[in-house]
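Residue-level structure breakdown
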Amino acid sequence: MYEVPIPRYALVNRQFPNQDLDYLVEEEDFVEVHGNRFWKPFVEKPVDGDDHSIMIYYPSSAGGGMKELFRKIGNRSSKFHPEVRRVRREGSYIYEEFMPTGGTDVKVYTVGPEYAHAEARKSPVVDGVVMRNPDGKEVRYPVLLTPAEKQIAREVCLAFSQGVCGFDLLRCEGRSYVCDVNGWSFVKNSHKYYDDAACVLRKMFLDAIAPHISSAIPPTLPWMVNEPVQPSEGLTHQSRSIIGASGQSEELRCVIAIIRHGDRTPKQKVKLKVTEEKLLNLMLQYNGGRPRAETKLKSAVQLQDLLDATRTLVRRNRPGRGSDSEAEEFEHAEKLRQVKAVLEEGGHFSGIYRKVQLKPLKWVKVSKENGEEVERPTEALMVLKYGGVLTHAGRKQAEELGRYFRYHMYPGEGTGLLRLHSTYRHDLKIYSSDEGRVQMSAAAFAKGLLDLEGELTPILVSLVSKDSSMLDGLENASIEIKEAKVKLNEIITSGAKADQNSKAPEKPWMVDGAGVTSNASELLPKLFELTKKVTEQVRLLAKDEDEELAERSSFDVVTPYDQAKALGKTNIDANQIAAGLPCGNEGFLLMFARWRKLERDLYNERKGRYDITQIPDVYDSCKYDLLHNAHLNLEGLDELFKVAQLLADGVIPNEYGINPRQKLAIGSKIARRLLGKILIDLRNTREEAINVAELKTNQSSNSVVSSHGKDDANQHYKAHSKIDNTRRASFTSDKSMDQEDDDDGEIKYRLDPKYANVKTPRRHVRTRLYFTSESHIHSLMNVLRYCNLDESLQGEPSLFKNIALERLYRTKELDYMSYIVLRLFENTEVALEDPKRFRLEMTFSRGADLSPLEKRNDSEAASFHQEHTLPIMGPERLQEVGSCLTLEMMEKMIRPFAMPAEDFPPSIPHGFSGYFSKSAAVLERLANLWPFHKHGNNTNNGNKVEKPKEHRQPLQEYY
């Protein structure tokens, strides 16, 4: 008998409402009960089993708020409350860890311990909208249970001594957990379930009164023998095949997309040295009192403390600008006001982007009352990072792109993709980097793709997995990128590019600094002068705003920093724009700080030196203000944008390498993990497709053996042995990272093909979506187009033809919501061992790569000014029509630059932001939650199954 570990939970028991409990501690992102800490997201359930008001509380990093689950009312089963962040105090509750389930849960119905019927439905956690069929009943689909789940069903049935029993399963990262047992429950609308129940009852009666004839009775009802299953017309698909390059029928097997985040505010940074006691004490408060330790302030509570301290300091009399020391004090006070303005800033999508670092610079030794000497900091460097916030336009772009994918990336599906997803035939996983704008873009995209409703926070927590190691950062190639920028600076400032372009090369993308305009050095002074002109206009606007703020009494009530409200705003504030204020509540003071920093960083007047790395930032700010602040009518902004764009078109593509070989080296270092994961995705898809094909072949070969003898079967066996050897040699690891199959050979988490009421129950599409930043998009694209230049692949042709390389050369920027899509098709009319059975199609989009100055018709212009949103460019081919890129060739070309499958850690993924589990011990406990006994008979959907084998830990897909 195995020990049964119980998931972490805690009980809060109140004798009367609002009773203070000394064992309950609540902070911003967790509750602690008797020392047992539960990080958000966590679940709060009433102790009273008849009270179905269940709450889920979300972390501030995902936007905060609470989702209330309740019994279905009309077409709703939950409601999101973005303003609620505190747990209930009027009763007794159980607290549990939240388990992300990918947006579905499973209802299981037993008839005795040897039978279980299972149906999947959309989880109320995602958007709370109940899917109903034309008869008004909730849409559910029969699904296959795994052997482990069948054992769970048996044990629940026996433990509760309830022959006819219903319970709910949560499938979380490869494991299944019982979250509710309903007792006497029946399937609402399934003739098959009742026929199966009749068979089970008949056998029970015969076993009791006539065991000698029980085994001779057929397991199915007499009228069900050889009766074909008729699919329901309301749930069928139209043709899903497309005509491929060979003119033969193909099936879509996999969609992999790498997508950049949506429109954002410009990223900003403020640096200042602080000596004020209030700020130094705050640093010590949050670093454990260590005088030399750095402190990071990120949570709403920490930022509120910083805001309170900064408000006090800003109220002091402001110095003049006479002497150098007074000028320095003025600049210091100005930066403090900027910090205050940033922390008070509301209306953007997220306050989680505001983070502050405090690093001690100087110390002194002071004596305590007992005579002991200790160190105390006297000066620290404060670095405030803010901006980079997903705008209302960015959210709209992501949702619209999700809808576009729904209708256009799945041939013949249309709205049928939703049915494909809900019936466990769509294997969808969404990954995001650590940046908030990327996570929110992923959630908004998922909302559009799956036609969800409501706020993004529940969608984000339920459907998006964060993987910073795979999708974040440039650290792996920081040295090479720095070298590329130094060389690029020489090319631009020296005018060396002009001499190279005396005669246009046949392949211009092979030249060092390709894309740099020939008069770049002449444009730099013009760029600087125009930047100064815009900055001065914003300064005057900020001066008026600053004077208005100075006239306020120091006792005026200022609304405290409220992160939930800051996260909740998603639409343009029309009143703000009508009043002549910046869009998004940025404020003129922060807008001026943004432009003044660009002016100072672009050109060092003392050294007489330009910094070309600032060109993309100037371009970003120009485009942002032309898109969101055109109503401010800043003179010269449009001209500045044109100059900045000319320069940025040469700088941005070359920041990741000034020539193809350098681009390949940098790209492979940045995107190594992502490339390895993409190969795993493609390999797993192929394995699954071949397994299905082999299953069909084996079924047909059985009839061949019966009519033609064993020789044909031996031929068939040899053919499959050849296929197996080919597959083993095709990748670095022979184990699938998904491990969809378990010991009994049943496919996990799949639609029941016998009773699915759809025409193609075995059809299965894998979708993997990776949301990341510009650096990963450029890096991945550079590896794809230049991989053949590697020494190990000399002589191999490029994955792209010259026409595609020319198109990419003309594409200067992969803008917001740009994407690369790889779609894998299977030609079922080709032999299994033929390399052409699996074909890859690659497309890309430049994203919202349109100029805000571009002329539009009246309707487009009105939409542009009202929505502040640029449309996303459609996909472009990276291969010629009729070409065939085999999966075998793709693997050969990409493998040298990808992380091998065996190097991926065999870890169990956790929920959003790491809050699902905070320690390895908890992970292990969750992984081993249910016992898997060696004994016991189970059936699924009326079919007897063998006794489960000893459970083998599957190798989880990495995240």
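Rules behind the numbers
- Residues numbered from 1 in each chain as written.
- Predicted model: local features only at pLDDT ≥ 70, side-chain atom pairs only at ≥ 80, totals over all residues.
- Heavy atoms only, no water.
- Helix = DSSP H or I, 4+ residues; strand = E, 2+ residues; numbered from the N terminus.
- Contact = heavy atoms within 4.5 Å.
- Areas by Shrake-Rupley, 256 points an atom, 1.4 Å probe, with all protein chains shown as cover.
- Expected span 1.5 Å × (residues − 1).
- Buried < 20%, exposed > 50% of the residue type's maximum accessible area, 1.4 Å probe, protein only.
- Pairing = 2+ DSSP bridges.
- Axes fitted to C-alpha atoms, helices over the stretch in contact; angles between N-to-C directions.
- Core = buried A, V, L, I, M, F, W, Y, C linked by side-chain atoms within 4.5 Å.
- Patch = residues over 30% accessible without salt bridge, like charges linked within 9 Å, V, L, I, M, F, W, Y side chains within 5 Å.
- Salt bridge = Lys/Arg side-chain N within 4 Å of Asp/Glu carboxyl O.
- Parallel < 35°, antiparallel > 145°, perpendicular 65-115°, else oblique.
- Left-handed = near helix turned anticlockwise from the far one by under 90°.
- Nonpolar A, V, L, I, M, F, W, Y, C, P; charged D, E, K, R; others polar.
- Phe/Tyr/Trp six-rings, centres within 6.5 Å; stacked < 30°, edge-to-face > 60°.
- Lys NZ or Arg CZ within 6 Å of the ring centre and 35° of its normal.
- Polar contact = N/O pair within 3.5 Å; in protein donor to acceptor, adjacent residues only side chain to side chain.
- pLDDT = per-residue confidence, 0-100.

Digging into the overall build of the protein chain
- Helix and strand counts for the protein chain stand at 27 helices and 31 strands.
- In the protein chain, once contacts between residues fewer than 6 apart in sequence are set aside, the share between residues at least 24 apart is 75%.
- Counting only carbon and sulfur atoms, one obtains 50% of the accessible surface of the protein chain, whose full area is about 43,400 Å².

A short note on helix H18 (residues 615-628)
- The end-to-end C-alpha separation of H18 is 20 Å, in line with the 20 Å expected for 14 residues at 1.5 Å each.
- With 13 of its 14 residues buried, H18 lies for the most part within the structure.

Considering the sheet that holds strand E5 (residues 42-46)
- On the basis of which strands lie adjacent, the open sheet formed by 6 strands has the order E1-E9-E5-E6-E7-E8 and antiparallel pairing. Looking at the sheet topology across the chains shown, the edges are occupied by strand E1 (9-12) and strand E8 (76-81). For this sheet, the mean angle separating the axes of adjacent strands, direction not counted, is 25°.
- Strand direction decides the pairing type here: E1 and strand E9 (residues 93-97), joined by 4 bridges, are antiparallel.

Topic: the nonpolar core
- Core analysis: the largest hydrophobic core is formed by 49 residues, its most contacted members being Leu-799 and Phe-800.
- Of all the secondary-structure elements, those providing two or more residues to this core are strand E16 (249-260), helix H11 (468-471), helix H21 (672-708), helix H23 (774-786), helix H24 (802-810), strand E26 (819-826), strand E27 (838-845) and helix H26 (887-894).
- Ranked by residue count, the leading element in this core is H21, at 8 residues.
- Beyond its immediate stretch of four places on either side in the chain, Leu-799 contacts Leu-784, Cys-787, Met-842, Gln-879, Leu-885, Met-890, Met-893 and Ile-894.
- Core analysis: the second largest hydrophobic core is formed by 45 residues, Leu-523, Val-538, Leu-632 and Ile-652 among them.

What to know about a nonpolar patch on the surface
- There is a patch of nonpolar side chains on the surface, built from Trp-184, Phe-186 and Tyr-194 and spanning about 360 Å² of accessible area.
- With respect to the element layout, Phe-186 can be found in the loop between strand E14 (175-183) and helix H2 (191-209).
- With a relative accessible area of 33%, Phe-186 lands in the partly exposed category.

Looking at the sheet that holds strand E10 (residues 104-111)
- The sheet built from 5 strands is open, its strands ordered E12-E11-E10-E13-E14 with antiparallel pairing. Only two strands of the sheet have a single neighbouring strand rather than two, namely strand E12 (141-142) and E14.
- Pairing geometry for strand E11 (residues 116-122) and E12, over 2 bridges, is antiparallel. In the strand pairing of E12, Glu-119 is matched with Pro-142.
- Of the strands in this sheet, E10, E11, strand E13 (164-172) and E14 are in contact with helix H1 (residues 147-159), which crosses E13 at around 140°.

A word on the pairing of E8
- With 5 bridges connecting them, strand E7 (residues 66-73) and E8 associate as antiparallel partners. Each bridged residue has a counterpart across the sheet, and for Ile-73 the counterpart in E8 is Arg-76.
- Between E7 and E8, which pair antiparallel in sequence order, lie 2 residues; one of them, Gly-74, sits at a positive phi of approximately 65°.

Here we look at the packing of H18 against helix H19 (residues 637-654)
- Close contact between H18 and H19 brings their axes to 8 Å; oriented N to C, the two are set at 140°. As summarised for this structure, H18 and H19 are arranged oblique, according to the angle between their axes. Judged by the twist between their axes, the crossing of H18 over H19 is left-handed. Residues Ile-615, Pro-616, Val-618, Tyr-619, Cys-622, Lys-623, Asp-625 and Leu-626 of H18 touch H19, and the partners they reach there are Leu-637, Asp-638, Leu-640, Phe-641, Ala-644, Gln-645, Leu-647, Ala-648, Val-651 and Ile-652.
- Taken together, the residues of the contact of H18 with H19 sort by class into 14 nonpolar, 1 polar and 3 charged.

Some words on the pattern of salt bridges
- Applying the stated criterion across every chain yields a total of 57 salt bridges.
- As a salt-bridge pair, Lys-669 and Glu-480 come within 2.5 Å of each other at their nearest N and O atoms. Placement of Lys-669 in helix H20 (residues 660-670) and of Glu-480 in helix H12 (residues 478-494) is noted, with a sequence separation of 189 residues between them.
- One salt bridge connects Glu-891 with Arg-686, and the closest N-O pair in it is separated by 3.3 Å. Here Glu-891 is found in helix H26, whereas its partner Arg-686 is found in helix H21, with 205 residues between them in sequence. The same class applies to Glu-891 and to Arg-686, which are both buried.
- Via salt bridges that share partners, Asp-427, Lys-677, Asp-681, Glu-688, Arg-766 and Arg-768 belong to a single interconnected network.

Concerning the packing of aromatic side chains
- Counted under the stated rule, the structure contains 14 aromatic pairs.
- Consider the rings of Tyr-193 and Tyr-194, whose centres lie 4.9 Å apart with planes at 80°: the pair is edge-to-face.
- In this structure Tyr-194 comes out as partly exposed when scored by relative accessible area, which is 41%.
- For the pair Tyr-619 and Phe-641, a centre-to-centre distance of 5.5 Å together with 20° between the ring planes defines the contact as stacked. Within this pair, whereas Tyr-619 is found in helix H18, its partner Phe-641 is found in helix H19, the two being separated by 22 residues in sequence.
- Judged by its relative accessible area of 1%, Phe-641 is buried.
- Ring-pair connections join several aromatic residues into one group, and the members of that group are Phe-405, Phe-445, Phe-771 and Tyr-819.
- Sitting over the ring of Phe-30, Arg-37 keeps its end group 3.9 Å from the ring centre.
- Directly above the aromatic system of Trp-363 lies the positively charged group of Arg-292, at a separation of 3.9 Å from the ring centroid.

Re the environment of Leu-541
- Note on placement: Leu-541 falls in helix H14 (residues 520-550).
- C-alpha separation for the pair Leu-541 and Leu-632, spaced 91 residues apart in sequence, amounts to 10.0 Å.

Observations concerning the environment of Ser-469
- Take Ser-469: it is sitting in helix H11.
- Of note is the side chain of Ser-469, whose polar atom sits 2.9 Å from the side chain of Asp-467.
- A distance of 3.5 Å separates a polar atom in the side chain of Ser-469 from a polar atom in the side chain of Arg-673.

Here's the deal with the side chain of Thr-110
- Note that Thr-110 resides in strand E10.
- Given the relative accessible area of 1%, Thr-110 is considered buried.
- At 3.2 Å, the side chain of Thr-110 and the backbone oxygen of Gly-163 are in polar contact.
- If we skip the residues at most four places from it in the chain, Thr-110 touches Tyr-115, Ala-116, Ala-153, Cys-157, Gln-162, Gly-163, Val-164, Cys-165 and Phe-167.

What to know about unusual backbone geometry
- A cis amide bond links Lys-40 with the next residue in sequence, Pro-41, at an omega value of 5°.
- Checked against the element boundaries, Pro-41 lands in the loop between strand E4 (36-39) and E5.
- Here Asn-18, not a glycine, exhibits a phi torsion of approximately 60°, which is positive.
- Mapped onto the secondary structure, Asn-18 falls in the loop between E1 and strand E2 (24-26).
- Residue classification places Asn-18 among the exposed positions, given a relative accessible area of 55%.
- Phi at His-868 is positive, roughly 55°, even though this residue is not glycine.
- Secondary-structure assignment places His-868 in the loop between helix H25 (858-867) and strand E28 (876-877).
- Here His-868 falls in the buried class, since its relative accessible area comes to 5%.

What to know about the confidence of the model for the protein chain
- On average, the protein chain scores 79 in pLDDT, and the residues at 70 or more come to 75%.
- Taken element by element, the predicted model of the protein chain shows its lowest mean pLDDT in helix H27 (residues 920-927) (31) and its highest in strand E6 (residues 54-57) (96).
- Per-residue pLDDT stays below 50 along residues 225-247; that stretch engages in 44 contacts with residues further than four places along the chain or on separate chains.
- The low-confidence segment residues 347-351 (pLDDT under 50) makes 28 contacts with residues lying over four places distant or belonging to another chain.

Observations regarding helix H5 (residues 300-314)
- A rise of 1.5 Å per residue sets the reference length of H5, with its 15 residues, at 21 Å; its end C-alpha atoms lie 20 Å apart and thus fit the reference within 8%.
- Burial within H5 is extensive, with 11 of its 15 residues counted as buried.
- Those residues of H5 lying buried are Ala-300, Gln-302, Leu-303, Gln-304, Leu-306, Leu-307, Ala-309, Thr-310, Arg-311, Leu-313 and Val-314.

Some points on the packing of H12 against H19
- One can describe the packing of H12 onto H19 by two numbers: an axis separation of 10 Å at closest approach and a directional angle of 155°. Of the possible angle classes, the one that applies to H12 and H19 is roughly antiparallel. As H12 packs across H19, the resulting crossing turns out to be right-handed. Where H12 abuts H19, its residues Ala-484, Leu-488 and Ile-492 lie against Gly-650, Val-651 and Asn-654.
- Partitioning the contact of H12 with H19 into residue classes produces 4 nonpolar, 2 polar and no charged.

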